[in-house]
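# Inside the fold
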Amino acid sequence: MAKGSGLGVRSWLLLGLITVVVLAATGVWNPFPTMWDWVNRPQPISQPDVVWQQRIGGTPRSVTIAGQSVVIEQRTRVEARSLAAGTQLWERKADWSAVTGAGQEAVVVVGKLLVKGYEVLDPGTGVTRRRDDDAVAVWTYRNLLLDARCVEATDCTLSAWDPRGTTPLWTAFLPGVSTGLLADNPNLLDTRRLGGNRIDGEVAGPEAVPPLLGFPVDGRVHVVDTATGRVLQNVEPGREERLAVIGGRLLRITARSQDGSCYYGISGRDSATGQEAWQQSGLNLRTADSAGCVQREDPYGARNVLLGVSPDGREAVLDAYDGRLLLVTANGERVLAVDDRYALVRTADGGAVSARELGAERTRWKRPAGKKADAALTPYAAIVADEKPNRLVALDPRTGRELAVLRTSANALAVGPAGMVIGEGREIGYVRFGATAGGTPGEADGADPGPAGSGAVPQPQDSCGPKNELCAAPDPGK
């Protein structure tokens, strides 16, 4: 055959492409939609597969399970999807959103930045249940919604609402609000949560409202009783102090610089009288930086407990109500997550995570985990995120029984009574505790995905404090 005769490979490919284009243009055969669907098909977000998986419009800022809906906050909008199937229920333009209430009583609060007011939406339909045109800030809890409105810079009113209520339960006067009090859940003087790379900081959803809240106003702290709305104290911190309101106490935390070191002290004060109820020395609550022991951060902890470091370097969990040491770790151990029931602790060798019952000196369970594992405690499950290999594991906080074990690089975004939402980029999916792949919520074991749940899924325990001191005694006449 003469050199250069015949069609080369490139020529055959070009001829084939021209033929396909002609067939597609004449309607004889069009492979392009099928090819695009194949290219665009998302890969399963985990193994075993999730109950459902959906691609949303942008990377979510927060995800919350609200009754039978999954509420997804994005940069300029909020949407809700069905917990059972993942289908979109509604979508709204909004700069911020938050969920208040629990289970079937949950609602969604939305608003716009630098614009007064908010709307309370039904999570299943998106219908507006209540509208406010004056509030400058809101705080959302499992059992209460708080908002603040200001007639003038030094004349503000704090109001408490039942999540689905239409009239305030109480109102209180505050002489102004902090310049940072805007939109949803601006910072109050309480605790910081321990964080993890693959577990969202709001994975547990809204917490029950504490008995007392500390509002920072012009360098002072106004202590508000959340049951009645009474402003119990109006306190200015000392030069070396940081104030925090935790577990029904006003805490005065001191950090004093001397001999090149920081010396720490904590005093728990009665909310009504201001008298000292307890004091603890030497525990570093990580409120101060290394430059002159200036305290710029809230202490780590959750609910009614604080997490600090003792002088010998061991981590300790402290009861904020009476100052008791509920847990002191061994050398080299690290607390990954804590609430007022348990602490999840990485062992000194980095090879396991154990659950310690606070105040009982007892290990509830222990399981292998990598040195970079993260963990979180929620009302319904303890979450452990591991690397190499990537895993997400949901466990019964009390027994350590496995509720879900996933091979995935996705993040844990939200945990509910019967499952959790995981996500990676724009892909999110729902995992049912104990369900087989492809099942739907409520399908396995006759479980109910609502707040009643099933006997197989741990239910939330709204804390009354380690000594039951924060719950009113029952009336014997009732």
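Summary of the structure given here. (Residues numbered from 1 in each chain as written. Predicted model: local features only at pLDDT ≥ 70, side-chain atom pairs only at ≥ 80, totals over all residues. Heavy atoms only, no water.)

### Comments concerning unusual backbone geometry
Of the consecutive residues glutamine 47 and proline 48, the connecting peptide bond is found in the cis state with omega at -5 degrees. Inspection of the secondary structure puts proline 48 in the loop between α2 (32-40) and β1 (52-55). For the bond from lysine 388 to proline 389, the omega torsion is 5 degrees, close enough to zero to count as cis. Even without being glycine, asparagine 185 reaches a positive phi, approximately 50 degrees. If you trace the backbone, asparagine 185 turns up in the loop between β14 (183-184) and β15 (212-217). The backbone of arginine 303 sits at a positive phi, close to 50 degrees, despite the residue not being glycine. Relative to the helices and strands, arginine 303 resides in the loop between β22 (300-302) and β23 (305-309). (Helix = DSSP H or I, 4+ residues; strand = E, 2+ residues; numbered from the N terminus.)

### Description of the nonpolar core
Ranked by internal contacts, the top residues of the largest apolar core, which has 21 residues, are Ile383, Leu392, Ala394, Val415, Met420, Ile422 and Phe433. Listed by contribution, the elements that provide at least two residues to this core are β31 (382-386), β32 (391-395), β33 (402-407), β34 (411-415) and β35 (419-424). The leading source of residues in this core is β33, at three residues. Apart from residues no more than four positions distant in its own chain, methionine 420 is found in contact with Ile383, Leu392, Ala394, Leu406, Ala414, Val415, Gly429, Tyr430, Val431 and Phe433. One finds Leu146, Ala148, Ala160 and Leu174 within the second-largest nonpolar core, a separate group that totals 20 residues. (Core = buried A, V, L, I, M, F, W, Y, C linked by side-chain atoms within 4.5 Å. Buried < 20%, exposed > 50% of the residue type's maximum accessible area, 1.4 Å probe, protein only. Contact = heavy atoms within 4.5 Å.)

### Topic: the environment of alanine 204
Looking at the secondary structure, you find alanine 204 in the loop between β14 and β15. The exposure class of alanine 204 is buried, given its relative accessible area of 15%. Through-space distance from the C-alpha of alanine 204 to that of proline 379 is 6.8 Å; in sequence the pair is 175 residues apart. Those residues in contact with alanine 204 that sit more than four places away from it in its chain are Leu377, Thr378 and Pro379.

### Overview of the environment of valine 294
Structurally, valine 294 can be placed in the loop between β21 (276-281) and β22. Through-space distance from the C-alpha of valine 294 to that of glutamate 241 is 8.9 Å; in sequence the pair is 53 residues apart. Excluding residues within four positions of it along the chain, valine 294 makes contact with Thr287, Ala288 and Asp289.

### Quick word on the sheet that holds strand β19 (residues 249-258)
In space, the four strands of this open sheet follow the order β18-β19-β20-β21, with antiparallel pairing throughout. The strands lining the two open edges of the sheet, one partner per strand, are β18 (241-246) and β21. Going from strand to strand, the sheet's axes swing by 20 degrees on average, the running direction of each strand aside. (Pairing = 2+ DSSP bridges. Axes fitted to C-alpha atoms, helices over the stretch in contact; angles between N-to-C directions.)

From the geometry alone we can't say anything about function, so treat these as descriptive.
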